[in-house]
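So the chains spell out like this:
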Amino acid sequence: MAAKQKRKLEDLNLDEFLQSGWDSEEGEVDTEDEIPQQNGPKKKNNQKELNRGEAKHGRASQHKEQLSRLKSKDPEFFKFLQDNDQTLLNFDDTDSSEDEEQCHSLPSMLEEADDEDDEGDQQSSKKLKKTDEAIKVTEKMIEAWEASLKKEPSPRLFRDITQAFKAAVATTKGEGVTQCRYKVADSSVFNSLVLFCIRDIYSALQRMLALKTDKDQKKLVLPSSSKKWQKNQIDIKMYLGGVVQLLSCLTEATVISAVLRHANQLVAYYLCLPKQCRHLIKQLMKQWSTGDETCRVLAFLALNKICRHKQEVYLVPIVKQMYISYVQNCKFTSPNVLPTINFMQRTLTEMYSLDTQATYQHAFIYIRQLAIHLRNAMTMKKKETYQSVYNWQYIHCLYLWCRVLSTLHFSDVLQPLIYPLCQVIIGTIKLVPTSRYYPLRMHCCRALTQLSSSTNTFVPVLPFLLEIFQQVDFNKKPGRMSKKPINFAVILKLNNINLIEKAYKDGLIDQLYDLMLEYFHTQSNSIGFPELALPTILQLKTFLKECKVANYCKPVRQLLEKLQENSNYITGRRQSATFGVADNAAVVAWEKEMLQEGTPLSKYYTQWKKLREKEIQLEISGKERMEDLNFPEIKRRKIQEKKAEDKKEFLTLFESDSEDDDDDTGLKIKHKGSLDSDDDDDDDDDDDDLGDLSDMSDDGDSADEEAAGDDQASKAPQPLSSSALIKLAEGGEDLVEDLELSDDD
């Protein structure tokens, strides 16, 4: 029995015995209390360790009670314990608690760590106090830095300059400079420091990193290739971020242009730091789309440099953002905005030329988007869908893609996009083919002419221009006189009042002359020019027979003469040709020879283009001068009260012509009223007034034509008629009107 109990004691560990009980009947271990894992992870929470110690102290008291009950339940085993192990029976709470404290006491390192944290807090507070006492930058310090930087730039010196530059930039947004060693409180010091950095930092960086500065070197050398890059990377990153922040805060165009030139020098450094490069691109995009003219050019040069040297990373996102900015800037068009839009078109085309594969993807997506808008307008036929097509953004997008394809037409990748773009432009013309949208038609024809001439692709542009000669009645007398000519370059549609003005037909004739001459110039060396010009020649001859206005017949007759001259020249030259029509190579060679020699129409176009550009410049400058002048107002005499009496007196003198004279005077009074309405707003589209004006102009056509015929037939002085005497009695204003309107004859 003793041996059996001894075996039980040997099998049972002391710790297990202390943490478990005995069954009174079987003498086995009681598993009610859970045995803790000795090798488990130690907890670092003080509160949890305290709770665990209290629980184990309670377990020790329970084990002591179990040992006391062991004497009555198993006296033999209790006696064995008395003989062999008295320390086990003399179990005390203090022993267990001491053991527990030894096993589960918190490490002293935690207290030391807390002390270190306190010391760290004290040190950080000391640093903050030191930053409050930042060093003030002075002019002498900048001069000393400049002298030292020219001698031998060092990383420590560059770090000091960078800290000062960061402090200066922080003042532009009103930020604190607690994180900088320096502070800039004077504007003169700020200007000197920024000027010093822009002028000398780039060359100092190149010498400090031992980089070559070869202007003729095509391949850009990245500063990250230098062995000293890692040592100075943090300071360089801080400086580049300060340049971008300074660029975002400036408003003066001259200062912005100077910073942009400096940023253009540092493009290689920005390419080594992607985050700073993205921030720079954002500011460059802002300056390219909204900045001054010089700033736009410098921003584009920097963007182009970034895309050329890291094309696979930055080209696609930059081109997308540039296209979006271009569309946003094209929402409104005026003579002042047109140069900016043309500049954005040219620069975007330059960016698209860097990668034709990416350009094809962009062009395909955006031309398809334009086609979808056009299709929705053609199918739905609602005002909203028409407006999605007939707006400046849509037209300028057509201009842009025509310019892109015209410039990059040599690429086989972009050739398939010419046909869908032409179809979109022709569909835009046919969407609403009314006279109100003739200016928009002119823009589309001009874009098609540019695309056709550059890509050597035949596009039928002439039918859309010749159609205007059939739809507009140029013999009809205008309903009202206009104060100024209509600038077709900055409008897309005309209102109802514009359609009855004299300036509308004058401008229409000029536009037709310019567009037809420009289109025939592009085809002047073609071997099929006589056949191409024949329908136009017949249409112009018909117009000259029907039109009675000399000012309209003169440019049309001149254009007709030039077309006939060029047709005769091409016909004479191709009669001496020895090849057939099917010989395509010989035809191309013959056309190149004609282009080099020059045709009568091409020579005339060259001279006309120079004169036309000068004329446009004079018109723009003259318009500005006219706007500045204040002309005196002409006040007419008030004779409304005497009109009725005068009419009665004169009607009694000429009783035989009374009926005709009444009609004439009534007509002239109405026409005079239409002239007085020039003071109204040109955008007023009242249908009732427009109907009255059109009726009046229709009634006066026959009388005016007869008067014009009589003037041309006889130049001898004739006695005044009754209507003329009535006009004299009314003050003579209507006679002045007749002279003004007869200038066309």
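Along each chain, numbering runs from 1 in the same order as the chain's sequence is written. Side-chain atom pairs in this predicted model are given and counted only at pLDDT of 80 or more, local residue features only at pLDDT of at least 70, and totals for whole chains, interfaces and linings cover all residues. Excluding hydrogens and water, the side-chain figures rest on all heavy atoms present in the structure.

Concerning the overall build of the protein chain
The helix and strand labels rest on DSSP assignments: H or I over at least four residues marks a helix, E over at least two residues marks a strand, and numbering proceeds from the N terminus. Assigned secondary structure in the protein chain consists of 35 helices and four strands. Among the 745 residues that make up the protein chain, the fraction classed as buried is 39%. Contacts: residue pairs with any heavy atoms within 4.5 Å of one another. For the protein chain, the share of sequence-separated contacts (at least 6 apart) that also reach a separation of at least 24 residues comes to 72%. Three exposure classes are used, based on accessible area relative to the maximum for each residue type with a 1.4 Å probe and protein chains only: buried under 20%, partly exposed in between, and exposed over 50%.

Overview of the packing of aromatic side chains
For any two aromatic rings, the description comes down to two numbers: the centre-to-centre distance and the angle of the planes. Centres within 6.5 Å make a pair out of two Phe, Tyr or Trp rings, where for Trp the six-membered ring is used; the pair is then stacked when the planes are under 30 degrees apart, edge-to-face when over 60, and tilted otherwise. For the coordinates displayed, the defined rule picks out 18 aromatic pairs. Look at tyrosine 202 and tyrosine 269: their rings are 6.5 Å apart centre to centre, the planes differ by 85 degrees, and that puts the pair in the edge-to-face class. Note that tyrosine 202 is positioned in helix α10 (residues 187–208) and tyrosine 269 in helix α13 (residues 267–271), a separation of 67 residues in sequence. Classification of tyrosine 202 as partly exposed rests on a relative accessible area of 23%. One aromatic cluster in this structure is built from Tyr323, Tyr352, Tyr366 and Trp401.

Thoughts on the nonpolar core
What is meant by a nonpolar core is a set of buried Ala, Val, Leu, Ile, Met, Phe, Trp, Tyr and Cys residues, joined one to another through side-chain atoms within 4.5 Å. One finds Trp288, Ile306, Ile318, Trp401 and Phe469 to be the most contacted residues of the largest nonpolar core, which totals 162 residues. Other than its neighbours up to four places away in sequence, isoleucine 306 contacts Val267, Leu271, Cys277, Leu280, Ile281, Leu284, Gln311, Tyr314 and Ile318. Judged by nonpolar contacts, the second largest core, of five residues, contains Leu67, Leu70, Phe80 and Leu81.

Some thoughts on helix α20 (residues 392–407)
Helix span, as expected, comes to 1.5 Å for every residue beyond the first. Between the first and last C-alpha of α20 there are 22 Å, a value that for 16 residues agrees with the 22 Å anticipated at 1.5 Å per step. Taken across its 16 residues, α20 has 13 buried, putting it largely inside the fold. Nitrogen and oxygen atoms within 3.5 Å of one another constitute a polar contact, given that in protein one can donate a hydrogen and the other can accept it, and given that sequence-neighbouring residues count only through two side-chain atoms. Two or three places before glutamine 393, at the opening of α20, asparagine 391 has a side-chain oxygen 3.1 Å from that residue's backbone nitrogen.

Thoughts on the environment of cysteine 402
Turning to its location among the elements, cysteine 402 is positioned in helix α20. What cysteine 402 contacts, discounting residues up to four positions off in sequence, is Leu421, Ile425, Ala447 and Leu451.

Some points on unusual backbone geometry
Its identity as a non-glycine residue notwithstanding, alanine 210 has a phi of 60 degrees, on the positive side. Along the polypeptide, alanine 210 turns up in the loop between α10 and α11 (229–249). Phi angles above zero are rare outside glycine, and asparagine 456 is one such case at about 55 degrees. Tracing the backbone through its elements, the reader meets asparagine 456 in the loop between α22 (438–455) and α23 (462–471).

Comments concerning the confidence of the model for the protein chain
The score called pLDDT rates the predictor's confidence residue by residue, from a low of 0 to a high of 100. Taken residue by residue, the protein chain gives an average pLDDT of 76. The fraction at 70 or more is 66%. Note that residues 1–45 has pLDDT below 50 and, in this model, 44 contacts with residues that lie over four places away or in other chains. Segment residues 93–131 is flagged for pLDDT under 50; beyond a separation of four residues in sequence, or across chains, it makes 15 contacts in the model.

Regarding the packing of α10 against α11
When two helices pack together, you describe them by how their axes are tilted relative to each other and by the distance separating the axes. Packing of α10 against α11 leaves a shortest axis separation of 13 Å and a crossing angle of 140 degrees. Taken together, the axes of α10 and α11 lie oblique to each other. Crossing geometry of α10 relative to α11 is assigned as left-handed. Counted together, Phe190, Val194, Cys197, Ile198, Ile201, Leu205 and Met208 of α10 and Asn232, Ile236, Tyr239 and Leu246 of α11 form the full contact between these two elements. We call Asp, Glu, Lys and Arg charged. Ala, Val, Leu, Ile, Met, Phe, Trp, Tyr, Cys and Pro are nonpolar, and the rest, Gly among them, are polar. Looking at side-chain class alone, the contact of α10 with α11 contains 10 nonpolar, one polar and no charged residues. Fitting a line to C-alpha atoms yields each axis, with helices limited to the stretch in contact; the angle taken between N-to-C directions then spans 0 to 180 degrees. Put simply, angles under 35 degrees are roughly parallel, angles over 145 are roughly antiparallel, angles from 65 to 115 are roughly perpendicular, and the rest are oblique. Take the far helix as the reference: if the near one is turned anticlockwise from it by less than a right angle, the crossing is left-handed, and if turned clockwise, right-handed.

Details of the pattern of salt bridges
Basic side-chain nitrogens of Lys or Arg form a salt bridge, by our definition, when they fall within 4 Å of a carboxyl oxygen of Asp or Glu. Under the counting rule described, the total for this entry stands at 10 salt bridges. Its salt-bridge partner being lysine 150, residue glutamate 146 comes within 3.5 Å of it at the nearest N-O pair. Note that glutamate 146 and lysine 150 are positioned in helix α8 (residues 139–151) at a spacing of four residues, about one turn of the helix. With a relative accessible area of 54%, lysine 150 lands in the exposed category. Notably, a salt bridge pairs glutamate 531 with arginine 574, separated by 2.7 Å at the nearest N-O pair. In this pair, glutamate 531 sits in helix α26 (residues 529–546) while arginine 574 sits in helix α27 (residues 550–575), placing the two residues 43 residues apart along the sequence. Residue classification places glutamate 531 among the partly exposed residues on the basis of a relative accessible area of 48%. Arginine 574 gets classed as partly exposed once you look at its relative accessible area, which sits at 26%. What emerges from the salt-bridge pattern is a single network uniting Glu146, Lys150, Arg199 and Asp200.

Section: the side chain of serine 602
Tracing the sequence through the fold places serine 602 in helix α29 (residues 600–628). In this view, serine 602 contacts His521 and Ser524; residues no more than four positions away in its chain are not counted.

Notes on the environment of cysteine 180
You can see cysteine 180 is positioned in the loop between α9 (155–170) and β4 (182–183). What makes cysteine 180 buried here is its relative accessible area of 4%. Once you skip the residues sitting within four places of it in the chain, cysteine 180 turns out to touch Ala134, Gln163, Lys166 and Ala167.

Comments concerning the environment of serine 289
Tracing the backbone through its elements, the reader meets serine 289 in helix α14 (residues 274–290). Taking the relative accessible area as the measure of exposure, serine 289 reaches 7% and is therefore buried. Taking the C-alpha atoms as reference points, serine 289 and serine 325, separated by 36 residues in sequence, lie 6.3 Å from one another. Not counting residues within four places of it along the chain, the set of residues in contact with serine 289 comprises Arg296, Ser325, Asn329 and Met344. Of note is the side chain of serine 289, whose polar atom sits 3.0 Å from the backbone oxygen of methionine 285.

Some words on the state of the cysteines
Disulfides are defined in this document as cysteine sulfur pairs within 2.5 Å. All told, the structure shown has zero disulfides when counted by the stated rule. Note on cysteine 307: no disulfide assigned, nearest cysteine sulfur contributed by cysteine 277 at a separation of 9.2 Å. Assessed through its relative accessible area of 0%, cysteine 307 is described here as buried.

Notes on the packing of α8 against α10
Following both chains from N to C, one finds α8 and α10 inclined at 10 degrees, their axes separated by 10 Å at the closest point. What the angle tells us is that α8 and α10 run roughly parallel. Contact residues: α8 offers Glu139, Ile142, Trp145, Glu146, Leu149, Lys150 and Lys151, while α10 offers Ser188, Val189, Ser192, Leu193, Phe196, Arg199, Asp200, Ile201, Ala204 and Arg207.

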